[in-house]
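Structural characterization, general
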Amino acid sequence: MIKNYFKIAWRNLLKNKQQTIINLLGLTVGTVSCLAILLYVFAQFGYDEHHEDATSIYRVETIIERDGKDSFNTAAASPPIAFALKEDFPEVEEATRVVLTDVFYSNLIGAADSDDAYYEPRVYMADSTFFKVFDYKFIEGIQETALNEPNALVLSSYLADKLFGDQDALGKAVTWGSGEDAQTLTVKGVFDEHYGKSHLNPNYIVSMSTPGMGTFVQNFESFATNNFVYSYVKLRTNSSAESLQNKLPGFIQDRGAKDLSDAGMTNKKLFLKNIPDIHLYSAGRENQIHEVSNIKYLYFLLTLAFFIQLVACINFINLSTARASKRAKEIGVRKVVGAGKNSLMRQFLGESLLLSLFAMLISIPLTILLLPLVNELTGASLVYQDLLNWRIELILLGLGTLTGFVSGIYPAIILSSIKPIKALKSGTILQSGNGTFRKALVIFQFVVSISLVATVIIVTQQFRFTQNKDLGFQKENLLALRIGTAEASSKFESLKASFLNIPGVLNVSSGNYAPSEVILNDNGLYLPGGNRENNTIVKRQGISEGYFETMNIPMLKGRDFTASDTTDQIIVNQATLRIFDIKEEGALSARLVQSFRDETFEMRIVGVVKDYHYASLKHEIAPLFLYKETEPNWLFIKTQTNDYQQLLAGLETQWKASVRNVPFDYRFVDQEVEKLYDEEKRLGQISVVFTLLAIFISCLGLFGLVSYIAEQKKKEIGIRKVLGASVASVVQMLTKDFLKLVLVAMAVAAPLAYYFMQRWLEDFTYRIEIQWWVFALAGGFALMITFLTVGFQSLKSAVANPVKSLRTE
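Chains are numbered independently. Their residues run from 1 in the order of the written sequence. Predicted model: local features are reported for residues with pLDDT of at least 70 only, side-chain atom pairs are reported and counted for 80 or more only, and whole-chain, interface and lining totals are derived from all residues. To get the side-chain values, take all heavy atoms of the structure and skip hydrogens and water.

**Points about the overall build of the protein chain**
Keep this limit in mind: Under the scheme used here, helices are H or I runs from DSSP no shorter than 4 residues and strands are E runs no shorter than 2 residues, and both carry numbers assigned from the N terminus. Think of it in three bands: with a 1.4 Å probe and only protein chains considered, a residue is buried below 20% of the maximum accessible area for its type, exposed above 50%, and partly exposed in between. Contact definition: two residues touch when any of their heavy atoms are within 4.5 Å. Surface accessibility follows the Shrake-Rupley procedure with a 1.4 Å probe radius. Residue values consider only the protein chains on display as shielding.
When helices and strands are tallied, the protein chain shows 25 helices and 24 strands. By the burial criterion, 53% of the 809 residues in the protein chain qualify as buried. Within the protein chain, residue pairs in contact and separated by at least 24 positions form 80% of the contacts whose partners lie at least 6 positions apart. Taken as a whole, the protein chain presents about 37,000 Å² of accessible surface, with 55% of it coming from carbon and sulfur.

Pasting the structure below:
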């Protein structure tokens, strides 16, 4: 019986080739879209689950309050906190800390017996307990003891191959840093960086007991400041994280009340985050050790996939019902010879399932072919092996079956419910009572399409706003060149002089942070005579003379730095004046004070610059003071040229002539600033692509509805034409109802899209205002698409020969 069902279904699909092709196309496009989104979403799950005790490992995160308000929300904590928790609470079995050192400085690394050295990102310093908490797959060395000694080094397999080729890396000497600061490290292990997905993504790990930053972290005692250490605790079996969380307020007060008071902090809150939750549930936490995703973003994508597939199902329903009349006599004959309603329903559902599963099979190779485009669109690194995941295969099978069922159930009910006498007599089975449901379907399609178009417009507007907004400095034609070593820093003046002789170089300066980099350094400042316990945190940036001219940042009061200035002279932005209630007119006579333990330093303001966005537009411009730096991390080069290839070649030649064994590592500042908004850019691109796909599928649905109406009104159109109706009047008759449905959909879609896009824009401190014309434009676009789609089919029906439709009467 089942074999006969599928045989008849296959014959019917081949018999109605146009309908089959359109249905298959709509379902395939919908399934490919869903599969691509599912692959990306699934790739964002499963982070840190490969660690054996993942459910017992927690990161300690921090919120600092000043004046009763959250002023700092970070994924890190102060250096002593992790091991203090182990000391104070028996439920903590182990603790470890990680410092991402290349946030503070970039060290060169190279084999000790080679002149080649590299700037490698993701440099961790970690305690000896790191591999007791986290599981890594070691290729060389012993995991448990790899970081026990000072100057111990663990490499990723990628970096081991880069430094030593095919040779074993274990026991080899590596030079870390340069000049007087260079240290010799010994390779104690090599791990496979492809083993497991984790929010911890080191390129190499240096033992925390190594002199330098590690020594500072180990000896630092304040529980309030220097919240840059990623701290982890591993709880004992059956210990409650919730119970430990409830004890943390008392812990921070017992351990750090004086430290908090000295730092001017109203309160400091500690939170435990289970490591499998870090990648998806870290929204609002700053200073992540590695790029994280956002569960809300994934929900948006899944919702988008759901609606695209639902639109494809609606398209199938519309086409099936539109062409149902052609099968009236077939159904009537089958009922007369004994076919029951249930058997007919199984037959029509079988056709739908066959088509849906066929679309699913076609979608698999299509998705594999489109993976490079999906990766470019989403920024992922998906490969065809991801399709072999049993979860994906199970979901795909379920998706194909559910799509076939949802698409076919309504036509099956309608077709199996006909009266055989009426079908055999008139050849018509569809009743006017079905119109309400069909109108609801087309309104739903329009609501989805209009909402998506409005979303695309708003996301694009916000992205362009971030690109075009005046940041307060000139990001175009600006190069940032990494200095990186003490030797290069000491040669800043000679490098500056040689660079200025290169055609196309207008100005050269330096600083500790490049534009778009997160400024981590700050100080607690207060006015002379004020209370050090009520200080205000102000970001600090070290720069050289000419920085403001190079960046084209307006100086409002005072002067730039001179050769004779020291760190006692500072330049502040307008936000600093506002927070200390200093009038711009009297700024040059003002002083700011900072204290450290028993020492107090007074700094004199010598200049005031206009506020500029040194961080993302998602954050308000924070108070900033700038001081003169003698050992900067970056060179900034203002350029004007039409031949960057020649300019860069000239800069590299001068660099290599002055600095030995240090890579020429540069970047364009405008491109780096744009990277701050990669998520919004990807969201915009994804929205555009899938909006177009949803509109395409909707157009197929509209085609089906017009076909249905034309089928129903075929003889009416014939009579009207015989009586003298024009083609235009016939087209108007067929299209006006659809245009009304678009207007209804606009009324539904506009408030929905407005609400959700307002919620999305709340993440931006500097944002656009949603304008009414966005929804008018989206609705107008829907009207245009509707008119073109419906008008084409209407015109085809209007110009048909009326004799053909009337001669059977």
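**A short note on the side chain of Ser451**
Looking at the element boundaries, Ser451 is found in helix H14 (residues 435-468). In this view, Ser451 contacts Ala749 and Ala753; residues no more than four positions away in its chain are not counted.

**Some remarks on the environment of Gln183**
Quick note on the threshold: Any pair of nitrogen or oxygen atoms within 3.5 Å is treated as a polar contact; in protein, a donor-acceptor pairing is required on top of that, and neighbouring residues in sequence qualify only through side-chain atoms on both sides.
Summarising the element assignment, Gln183 is placed in strand S10 (residues 183-191). Of the residues examined, Gln183 reaches a relative accessible area of 19% and is grouped as buried. Taking C-alpha positions, Gln183 is 9.8 Å from Gly212, a pair spaced 29 residues apart along the chain. In contact with Gln183, other than residues within four places in its own chain, are Asn151, Val174, Thr175, Trp176, Thr210 and Pro211. At 3.3 Å, the side chain of Gln183 and the backbone oxygen of Pro211 are in polar contact.

**Description of a nonpolar patch on the surface**
Quick reminder of the rule: A patch consists of residues exposed above 30% relative accessible area that lack any salt bridge, with like charges linked at up to 9 Å and nonpolar side chains (Val, Leu, Ile, Met, Phe, Trp, Tyr) linked at up to 5 Å. The rule for a salt bridge is simple: a side-chain nitrogen of Lys or Arg has to be within 4 Å of a carboxyl oxygen of Asp or Glu.
A cluster of nonpolar side chains, namely Val744, Val748, Leu752, Tyr755 and Phe756, defines an oily patch on the protein surface of about 450 Å² accessible area. Looking at the secondary structure, you find Val744 in helix H23 (residues 727-761).

**Things to note about the packing of helix H16 (residues 492-500) against helix H19 (residues 644-658)**
Condition: As a rule, the C-alpha atoms of each element are fitted with a line to give its axis, helices using only the stretch in contact, and angles between N-to-C directions run from 0 to 180 degrees. Here the word oblique covers every angle except those under 35 degrees (roughly parallel), over 145 (roughly antiparallel) and from 65 to 115 (roughly perpendicular). The handedness criterion is simple: a crossing whose near helix is rotated anticlockwise from the far helix by less than a right angle is left-handed, and one whose near helix is rotated clockwise is right-handed. Throughout this entry, Asp, Glu, Lys and Arg are counted as charged residues, while Ala, Val, Leu, Ile, Met, Phe, Trp, Tyr, Cys and Pro are counted as nonpolar. The remaining residues, Gly among them, count as polar.
Two elements in contact, H16 and H19, have axes separated by 10 Å at closest approach and are oriented at 150°. Classified by the angle between their axes, H16 and H19 sit roughly antiparallel to one another. As H16 runs across H19, the sense of the crossing is right-handed. Together, Leu495, Ser498 and Phe499 of H16 and Leu651, Gln654, Trp655 and Ser658 of H19 make up the contact between the two elements. Taken together, the residues of the contact of H16 with H19 sort by class into four nonpolar, three polar and no charged.

**Section: the packing of aromatic side chains**
The criterion, for reference: Note on ring pairs: Phe, Tyr and Trp rings are taken, using the six-membered ring of Trp, and paired if centres are within 6.5 Å. Classes follow the plane angle, with under 30 degrees stacked, over 60 edge-to-face and the rest tilted.
In total, this model carries 23 aromatic pairs according to the counting rule given. Ring centres of Phe307 and Phe444 lie 5.7 Å apart, and the angle between their planes is 45°; this geometry places the pair in the tilted category. A residue pair is termed long-range when its members are at least 10 positions apart, and Phe307 in helix H9 (residues 295-322) and Phe444 in helix H14 qualify at 137 residues. Judged by its relative accessible area of 29%, Phe307 falls in the partly exposed class.

**A look at the pattern of salt bridges**
Pairing of side chains with opposite charge becomes possible as their charged atoms draw close. Under the definition given, this model contains 19 salt bridges. Across the pair Glu545 and Lys628 runs a salt bridge, and its minimum N-O distance is 3.7 Å. Here Lys628 lies in strand S22 (residues 624-628) and Glu545 lies in the loop between strand S17 (536-543) and helix H17 (547-551), a separation of 83 residues in the sequence. The exposure class of Lys628 is buried, given its relative accessible area of 13%. Here Asp611 and Arg578 are joined by a salt bridge, their closest N and O atoms 2.8 Å apart. Taken together, the positions of Asp611 in the loop between strand S21 (599-609) and S22 and Arg578 in helix H18 (residues 574-579) put the pair 33 residues apart, joining distant regions of the chain.

**Focus: the packing of helix H3 (residues 81-88) against helix H7 (residues 241-262)**
Two elements in contact, H3 and H7, have axes whose closest approach is 12 Å; the angle formed by their N-to-C orientations is 105°. Judged by the angle between their axes, H3 and H7 are roughly perpendicular. Taken together, the residues of H7 that come into contact with H3 (itself represented by Ile81, Ala84, Leu85, Glu87 and Asp88) are Leu248, Phe251, Ile252 and Arg255. Here the contact of H3 with H7 is composed, by residue class, of six nonpolar, no polar and three charged.

**A word on empty space enclosed by the protein**
Spelled out, the test is: Space inside and on the surface of the protein is sampled on a 1 Å grid over the protein atoms alone, with a cavity defined as a set of points where a 1.4 Å probe fits but cannot get out and a pocket as an open set with protein on both sides within 12 Å along at least 5 of 7 lines; lining residues have an atom within 4 Å of a point. Grid points are joined across faces, edges and corners, and a volume is the space filled by probe spheres set on the points.
Considering all chains together, one arrives at four cavities of 30 Å³ or more under this definition. Here the largest cavity defines a volume of roughly 80 Å³. Looking at the largest cavity, it is lined by 13 residues, and the ones nearest its centre are Phe446, Ser449, Ile695, Ala782 and Ile785. Going through the elements one at a time, H14, helix H21 (678-712) and helix H24 (772-798) are the ones with two or more residues in the lining of the largest cavity. Here the lining of the largest cavity gets five residues from one element, more than from any other, and that element is H24. Split by residue class, the lining of the largest cavity holds 10 nonpolar, three polar and no charged. For the second largest cavity, the full set of lining residues is Phe473, Tyr513, Ala514, Pro515, Glu517, Ile519, Gln541, Tyr547, Met551, Ile553, Tyr612 and Tyr614. For the lining of the second largest cavity, the class distribution of residues is 10 nonpolar, one polar and one charged.

**A few points about unusual backbone geometry**
We note that Asn151 has phi near 65°; this positive angle belongs to a residue other than glycine. Summarising the element assignment, Asn151 is placed in the loop between strand S7 (138-141) and strand S8 (152-156). Residue Asn552 is not a glycine yet carries a positive backbone phi of 60°. Its location among the elements puts Asn552 in the loop between H17 and strand S18 (555-558).

**Examining the pairing of strand S12 (residues 230-235)**
Counting buried positions over the six residues of S12 gives six, a clear majority of the element. Residues Tyr230, Tyr232 and Lys234 of S12 are buried on one face, and the alternating residues Ser231, Val233 and Leu235, pointing to the opposite face, are buried as well.

**Section: the environment of Ile483**
With respect to the helices, strands and loops of the structure, Ile483 is situated in the loop between strand S14 (478-482) and helix H15 (486-490). Residues Ile483 and Asp665, 182 residues apart in the sequence, show an inter-C-alpha distance of 8.2 Å. In this view, Ile483 contacts Tyr119, Ala488, Ser489, Pro632, Asn633, Trp634, Leu635, Trp655 and Val662; residues no more than four positions away in its chain are not counted.

**Re the nonpolar core**
Our working definition: By nonpolar core we mean a set of buried residues, namely Ala, Val, Leu, Ile, Met, Phe, Trp, Tyr and Cys, connected to one another through side-chain atoms within 4.5 Å.
Counting residues in hydrophobic clusters, the biggest one holds 72 residues, and the most contacted among them are Tyr40, Leu301 and Phe446. Secondary structure elements with two or more residues in this core: helix H2 (17-43), H9, helix H11 (341-378), helix H12 (390-416), H14, H21, H23 and H24. Ranked by the residues each element gives to this core, the list is headed by H14, at 12 residues. If sequence neighbours within four positions are ignored, Tyr40 has contacts with Tyr297, Leu298, Leu301, Thr378, Ala380 and Leu382. Ile543, Tyr547, Phe548 and Phe561 belong to the second largest nonpolar core, which has 30 residues in total.

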